[in-house]
Amino acid sequence: MEEAFGQLRMLLIFDNADDANALQPLIHAVGRSAVIITTRDRGLPISLNVPQSGINDVPVLPTTESLRLLKSIVGESRVEREIEAALKIIQLVDYLPLALQISGDYLKLQGKRSLNDYATYLSEKKKRLNRLKFEGAEHLNLRASFELSLGLLKPETIEFFACLSVCSRNGFSRRAAMAAAGLEDEFEAQDFIDPLYQSSLINYAEAGENRFILHSLIRLFAQETAKDKGLLKAAKDRHSQFFIK
């Protein structure tokens, strides 16, 4: 890297990085170049001593940018002809860039399939995650992406994450998360929330202190995880009793 880029002024992109120790010597070797690092690990830029001004937490796309992304992949005229269906697809994937990329690539391949038919195809919530994939491209598989993040967590943190699927889709308090997971201390709940936040599986809600939210597709994934582990009913019961009391 130093021989190839050391004396040049380039823009280098390290995509989907997950190892600060591996990145550090590479960044040092290309000292005159600018570097962009993308990662799902919110702790990685801190490990690399990136200043706060250089860290950007990328949100979901607004409607206009979601449409622009679909048009760039599928074709502007095709999207404009079925604009209502395109907006429906955007809503079903909840503005998530990766899910939009997968949808766009699928529609590009299936050039004769209508956007309206594809929107109906995604409408079945129980099968939505399974259908958001592009065969033959591992990086275009939404479930695999979520599972990659989950695989970095401890088993007890995964169970906590699964229990969060019963909390309000519009945001929930730390105490509600504590109750759903069967914990007695909300700071113990925070200990489980922290690695989920670092892994980009949970976000702080925009309003209210110590309130959190799951993206709707991640919430679906958490719910499936809870079912697979036999945790869903107990989590629902605990969550309901917490609010009844």
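Residues numbered from 1 in each chain as written. Predicted model: local features only at pLDDT ≥ 70, side-chain atom pairs only at ≥ 80, totals over all residues. Heavy atoms only, no water.

Caption draft 1: View of the sheet that holds strand 3 (residues 172–173). With antiparallel pairing, the three strands of this open sheet are ordered in space as 3-5-4. A single partner strand is all that each edge strand has here, and the edge strands are strand 3 and strand 4 (203–204). Direction of pairing for strand 3 relative to strand 5 (residues 211–213): antiparallel, over a ladder of two bridges. What sits directly across from Ser173, in strand 5, is Arg211. (Pairing = 2+ DSSP bridges. Helix = DSSP H or I, 4+ residues; strand = E, 2+ residues; numbered from the N terminus.)

Caption draft 2: Geometry of the packing of aromatic side chains. Taken as a whole, this structure holds nine aromatic pairs when the rule is applied. Taking 6.4 Å as the distance between ring centres and 10° as the angle between the ring planes, the aromatic pair formed by Tyr106 and Tyr121 counts as stacked. Of this pair, Tyr106 sits in helix 7 (residues 97–109) while Tyr121 is found in helix 8 (residues 115–123), placing the two residues 15 residues apart along the sequence. Between the aromatic rings of Tyr197 and Tyr204, the centroid separation amounts to 5.2 Å while the plane-to-plane angle is 75°, which identifies the pairing as edge-to-face. (Phe/Tyr/Trp six-rings, centres within 6.5 Å; stacked < 30°, edge-to-face > 60°.)

Caption draft 3: How the structure looks around the state of the cysteines. If you walk through the whole model with that rule in mind, you get zero disulfides. Cysteine Cys163 is unpaired, with the sulfur of Cys167 as its nearest cysteine sulfur at 8.6 Å. (Disulfide = S-S within 2.5 Å.)

Caption draft 4: Summary view of the packing of helix 11 (residues 155–163) against helix 14 (residues 216–228). Contact geometry for helix 11 and helix 14: axes closest at 7 Å, N-to-C directions at 115°. With respect to their mutual orientation, helix 11 and helix 14 come out roughly perpendicular. Crossing handedness for the pair helix 11 and helix 14: left-handed. For the pair formed by helix 11 and helix 14, the contact residues are Ile158, Phe161 and Ala162 on the first element and Ile218, Phe221, Ala222, Thr225 and Ala226 on the second. (Axes fitted to C-alpha atoms, helices over the stretch in contact; angles between N-to-C directions. Parallel < 35°, antiparallel > 145°, perpendicular 65-115°, else oblique. Left-handed = near helix turned anticlockwise from the far one by under 90°. Contact = heavy atoms within 4.5 Å.)

Caption draft 5: Region of interest: the confidence of the model for the protein chain. Scored by pLDDT, the protein chain has a mean of 94; 100% of the residues are at 70 or more. Of all the helices and strands in the protein chain, helix 1 (residues 2–5) carries the lowest mean pLDDT, 84, while helix 6 (residues 83–92) carries the highest, 98. (pLDDT = per-residue confidence, 0-100.)

Caption draft 6: View of the packing of helix 6 against helix 8. In contact at an axis separation of 8 Å, helix 6 and helix 8 are set at 25° when each is read in the N-to-C sense. Taken together, the axes of helix 6 and helix 8 are roughly parallel relative to one another. Crossing angle aside, the handedness with which helix 6 passes helix 8 is left-handed. The residues of helix 8 that touch helix 6, namely those facing Ala85, Ala86, Lys88, Ile89 and Leu92, are Leu115, Asn116, Tyr118, Ala119, Leu122 and Ser123. Partitioning the contact of helix 6 with helix 8 into residue classes produces eight nonpolar, two polar and one charged. (Nonpolar A, V, L, I, M, F, W, Y, C, P; charged D, E, K, R; others polar.)

Caption draft 7: Spotlight on the nonpolar core. Ranked by size, the top nonpolar core spans 61 residues in total, and within it Leu142, Phe160, Phe161, Leu164, Phe172 and Leu217 carry the most contacts. If you tally residues by element for this core, the top one is helix 14, at six residues. The contact partners of Leu217, leaving out residues within four places of it in the chain, are Leu92, Val93, Leu96, Ala99, Arg128, Leu129, Leu132, Leu142 and Phe146. Counting eight residues, the second largest nonpolar core, distinct from the first, contains Leu12, Phe14, Leu23 and Leu44. (Core = buried A, V, L, I, M, F, W, Y, C linked by side-chain atoms within 4.5 Å. Buried < 20%, exposed > 50% of the residue type's maximum accessible area, 1.4 Å probe, protein only.)

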